[in-house]
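Working through the structure, step by step
Each chain, written out:
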Amino acid sequence: MSKGKVLIVMSAADVWERTDGSKYPTGYWAEELAAPHEKFVEAGYTVDFASPGGVLQPLDEHSADPAVAGEECGHHVAHARKALREFGPPLKLDEIDIDDYVAVVLPGGHGPVVDLFQDADLGRLLAKADQDGKPIGAVCHGPAALLSATDEDGDWLFAGRRMTAFTDEEERMFGTAEGAPWLLASRLRELGAVHVEGAAYQQHNIVDGNLFTGQNPASSARLAEDMIAALR
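A brief report on the enclosed structure follows.

Some details on the overall build of the protein chain
Along its length, the protein chain carries seven helices and eleven strands. In terms of overall dimensions, the protein chain is globule-like: its C-alpha atoms have a radius of gyration of 16 Å, near the 17 Å expected for 232 residues. Seen through its C-alpha atoms, the protein chain measures out along the principal axes to roughly 50 × 45 × 35 Å. When each of the 232 residues of the protein chain is scored for burial, the buried share is 54%. A sequence separation of at least 24 residues applies to 75% of the contacts in the protein chain between residues at least 6 apart. Of the roughly 9,800 Å² that the protein chain leaves accessible, carbon and sulfur atoms contribute 48%.

Notes on the packing of helix 1 (residues 30-42) against helix 7 (residues 220-231)
Put simply, helix 1 and helix 7 touch, their axes get as near as 8 Å, and they point 30° apart. Crossing geometry of helix 1 relative to helix 7 is assigned as right-handed. In contact with Glu31, Glu32, Ala35, Pro36, Lys39 and Phe40 of helix 1, helix 7 contributes Ser220, Ala221, Ala224, Glu225, Met227, Ile228 and Leu231. Across the contact of helix 1 with helix 7, the residue classes break down as eight nonpolar, one polar and four charged.

Thoughts on the packing of aromatic side chains
Each pair of aromatic rings is reported with the distance of its centres and the angle of its planes. This structure, assessed with the given rule, holds seven aromatic pairs. Taken together, a centroid distance of 5.0 Å and an interplanar angle of 65° make the contact between phenylalanine 117 and tryptophan 182 edge-to-face. Of this pair, phenylalanine 117 sits in the loop between strand 6 (103-106) and helix 4 (120-131) while tryptophan 182 is found in the loop between helix 5 (168-174) and helix 6 (184-190), placing the two residues 65 residues apart along the sequence. Residue classification places phenylalanine 117 among the buried residues on the basis of a relative accessible area of 17%. By relative accessible area, which is 13% here, tryptophan 182 ends up buried. Of note, arginine 18 hangs over the ring of tyrosine 24, and the distance from its end group to the ring centre comes to 5.9 Å.

As for the pattern of salt bridges
One pass over the structure, following the stated rule, counts 13 salt bridges. Arginine 161 serves as the salt-bridge partner of aspartate 208, at 3.8 Å between the closest nitrogen and oxygen. You can see aspartate 208 sitting in strand 10 (residues 205-208) and its partner arginine 161 sitting in the loop between strand 7 (136-139) and strand 8 (162-163), a full 47 residues away along the chain. In this structure arginine 161 comes out as buried when scored by relative accessible area, which is 15%. Each of Asp99, Lys128 and Asp132 takes part in one network of salt bridges that share partners.

Considering unusual backbone geometry
Leaving glycine out, the prevailing phi sign among residues is negative, and the prevailing peptide bond configuration is trans. Phi is positive for cysteine 140, which is not a glycine, with a value near 65°. Mapped onto the elements of the fold, cysteine 140 is located in the loop between strand 7 and strand 8. Here the phi dihedral of tyrosine 201 falls at roughly 60°; this positive angle occurs in a residue that is not glycine. Its place among the elements puts tyrosine 201 in the loop between strand 9 (194-195) and strand 10.

Concerning the pairing of strand 11 (residues 211-214)
Along any regular strand the residues' side chains alternate between the sheet's two faces. Burial of the side chains of strand 11 extends over both faces: Leu211 and Thr213 are buried on one face and Phe212 and Gly214 on the other. As judged from the four bridges shared by strand 7 and strand 11, these two strands associate in the parallel manner. From the neighbouring strand, valine 139 faces strand 11, where its bridge partner is glycine 214. The antiparallel hairpin formed by strand 10 and strand 11 contains two residues in its connecting segment, where glycine 209 sits at a positive phi of about 60°.

A closer look at helix 4
Under the 1.5 Å per step criterion, the end-to-end length of helix 4 is 16 Å for twelve residues, consistent within 8% with the ideal 16 Å. Among all positions in helix 4, only Leu122, Gly123, Leu125, Leu126, Ala129 and Asp130 are buried. One side of helix 4 carries all its buried residues, which in axial view fall inside an arc of 165°. Along helix 4, the residues that are exposed and aim more than 90 degrees away from the buried face are Arg124 and Gln131. For helix 4, the secondary structure elements touched by its buried residues are strand 1 (5-9), strand 6 and strand 7. For helix 4, the N-terminal cap is aspartate 119; the gap from its side-chain oxygen to the backbone nitrogen of aspartate 121 is 3.1 Å.

Concerning the side chain of threonine 164
When you line up the elements, threonine 164 lands in the loop between strand 8 and helix 5. When residues no more than four places from it in sequence are discounted, the contact partners of threonine 164 are Pro143, His195, Val196, Glu197, His204, Ile206, Thr213, Gly214 and Gln215.

Observations concerning the side chain of arginine 161
A polar contact is formed between the side chain of arginine 161 and the side chain of aspartate 130, at a distance of 3.4 Å. Dropping the residues within four chain positions of it, arginine 161 is found in contact with Asp130, Gly192, Ala193, Val194, Asp208, Asn210 and Leu211.

Thresholds applied
- Residues numbered from 1 in each chain as written.
- Predicted model: local features only at pLDDT ≥ 70, side-chain atom pairs only at ≥ 80, totals over all residues.
- Heavy atoms only, no water.
- Helix = DSSP H or I, 4+ residues; strand = E, 2+ residues; numbered from the N terminus.
- Rg over C-alpha atoms; globule rule 2.2 N^0.38 Å.
- Buried < 20%, exposed > 50% of the residue type's maximum accessible area, 1.4 Å probe, protein only.
- Contact = heavy atoms within 4.5 Å.
- Areas by Shrake-Rupley, 256 points an atom, 1.4 Å probe, with all protein chains shown as cover.
- Axes fitted to C-alpha atoms, helices over the stretch in contact; angles between N-to-C directions.
- Left-handed = near helix turned anticlockwise from the far one by under 90°.
- Nonpolar A, V, L, I, M, F, W, Y, C, P; charged D, E, K, R; others polar.
- Phe/Tyr/Trp six-rings, centres within 6.5 Å; stacked < 30°, edge-to-face > 60°.
- Lys NZ or Arg CZ within 6 Å of the ring centre and 35° of its normal.
- Salt bridge = Lys/Arg side-chain N within 4 Å of Asp/Glu carboxyl O.
- Pairing = 2+ DSSP bridges.
- Expected span 1.5 Å × (residues − 1).
- Arc of directions from axis to C-beta.
- Polar contact = N/O pair within 3.5 Å; in protein donor to acceptor, adjacent residues only side chain to side chain.

What follows is the structure, encoded as structure tokens:
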């Protein structure tokens, strides 16, 4: 018997357009999708996947490279692929009823800075989840998706909250800061988040009420563990 359903919201983007007009290929980051999925399933939850239009985003190939993503990446890639294959096409974000879910997870890859940050369907879903006090988790570039949640005056609903996200320093180290239309951590601060940075590429998680954030891929499993503890 499932303890309830958890929604993982994926981006639908496969390219990130740069300021010079070039296109940087992107996709879901294996560990950020696989580690939370694995933790929630082990803890007895059912996990659904959704995306804008029900589009299945490809894998970000960087997340399958041990030199970039660490020695465990093969496990995460295999788990993510199996989970997505068994689930079938992602659900369409505009058809989701948040009342069906106990928690929402927003993994990264660069996709959320392409589409989810301004997705009105996601914004409504997150506003209701937050209002109901449901755990909302976002890791790495996933916190960009939180930007979709605004009130009728356009004010950001998560302003003033403590959170973390992929830092400007990490973006520079990864080689994607130059040419980025905007940098996530800077944008979060500009819009009123209390952005708390940890050491580059080290696990760093922040909990603020029902909001759970992780700075980078290494923070993905802890994000899910913290959310599961809150659901208990």
